[in-house]
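Topology and contacts: notes
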Amino acid sequence: MERWQKLYEESLTSLEELAQDHPIDIESLRPVIQRYPFRTTRSFLNLIREKGDPIWRQIIPDTRELEDEGLSPDPLNEGHLTLSPGLIHRYPDRVLLLVSSTCPTLCRFCTRKNRMGTTGTCRKALGPMLEYLGGRPAIREVILSGGDPLLLTDDELEEILSRLRKIPHLQVIRIHSRAPVTLPERITSRLCRMLKSFHPLYLNTQFNHPIEITPSSADACRRLADAGIPLGNQTVLLRGVNDDPEVMKQLMRNLLTIRVRPYYLHQMDLVKGTGHFRTSLRKGLEIMAHLRGNISGMATPTYVIDLPGGKGKVPLQPDPIRREGHRCFLKSYLGEPVEYPEVEE
């Protein structure tokens, strides 16, 4: 067993373990983790400085997760867009493969939190996925997601990448992983050597707060960058975590120092169990206005919203938003207007 696997197995998964070092009400939180499982690596948990701080909010269960705010367990319509088990096809030239069903740390705001926490990989479904991909020459890019693809072993991941590279029209492979942040020990020299053999290959990770940039996570990113893998970051805008212009400015600047290019700033998805994390669109636009001109263009992400119903990501700027009272309308990537509920501050 590799060191990263041992550390993963040592992750906290029970409220009793959590309560040994952190002040929580076990009985009030028990219904929460019965619905939405709890897991965190010890290294990421150790970044907590005090109750309610940015790391605490991201990983410690909260009774507000059980509030019914009319949000959907699948707001992005991924179920309807799943055309083969584990394969989501929304855009014409790229597909998403869900190759793992869990993560080193189960974030409380996760888009897929309503189906997260089980174990397993997509190896049994890989054949139908490849058959689907092989028969559609318009598909030029594959994104490996989950869960976290880097929880697969090196051999499992290499098998998937090798079989994908045998499909002639697939040009680019992208991996989405938060392991550099929550389990940086996973980024081994052996993993990087293996990934290097499958270029062009890109990796997007997710740093949400400057605290998360530690010597270990910086070293993980260095290893990947030294293997020639371009790194991007997709930050989620979270109430009480990073919805502050100065915090966001520090995060984006610091990402460049560890060779990670800020890519997206995501507006929170309308996912059941995550409503307490949502900020207003106005707040996101204020943050972006603060970033522009105060940090370099390389450090400035694109503020995007993934529209409900599978309508796709669209960039948010003041002009494209049409307001009627408290109702907002944005254009989907297909150009049609889509109503989006605003949060009142």
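To be clear, the structure that these remarks concern was listed above.
An account of the accompanying structure is given in this report. (Residues numbered from 1 in each chain as written. Predicted model: local features only at pLDDT ≥ 70, side-chain atom pairs only at ≥ 80, totals over all residues. Heavy atoms only, no water.)

**Side note on the environment of proline 92**
What counts, and what does not: Here a strand is any run of E in DSSP of at least two residues, a helix any run of H or I of at least four, and the numbering for each starts at the N terminus. The contact definition used throughout considers only heavy atoms, calling two residues in contact when any of these lie within 4.5 Å.
Note that proline 92 resides in the loop between strand S2 (87-91) and strand S3 (94-98). Residues proline 92 and leucine 170, spaced 78 residues apart in sequence, show a C-alpha to C-alpha distance of 13 Å. Leave out the neighbours within four places in its chain, and proline 92 touches Ala138 and Ile139.

**Here's the deal with the sheet that holds strand S8 (residues 261-266)**
For clarity, the cut-off: We call two strands paired when DSSP finds no fewer than two bridges between them. Every axis corresponds to a line fitted to the C-alpha atoms, with the helix fit spanning only the stretch in contact, and the corresponding angles, defined between N-to-C directions, vary from 0 to 180 degrees.
Across the sheet, which stays open at both edges, the ten strands sit in the order S1-S2-S3-S4-S5-S6-S7-S8-S9-S10 with mixed pairing between neighbours. With one partner strand each, in any of the chains shown, strand S1 (82-84) and strand S10 (312-315) form the two edges of the open sheet. On average, adjacent strands in this sheet sit at an angle of 30 degrees to one another, irrespective of strand direction. Bridging between S3 and strand S4 (residues 141-145) involves five bridges; their strand directions are parallel. The residue of S4 that forms the bridge with leucine 96 is isoleucine 143.

**Some details on unusual backbone geometry**
With an omega dihedral of 20 degrees, the bond running from glycine 146 to glycine 147 counts as a cis peptide bond. Tracing the chain through its elements places glycine 147 in the loop between S4 and helix H8 (154-165). At the junction of histidine 199 and proline 200, the peptide bond is cis and its omega measures out at 0 degrees in the coordinates. Considering the arrangement of structural elements, one finds proline 200 in the loop between helix H10 (189-196) and strand S6 (201-205).

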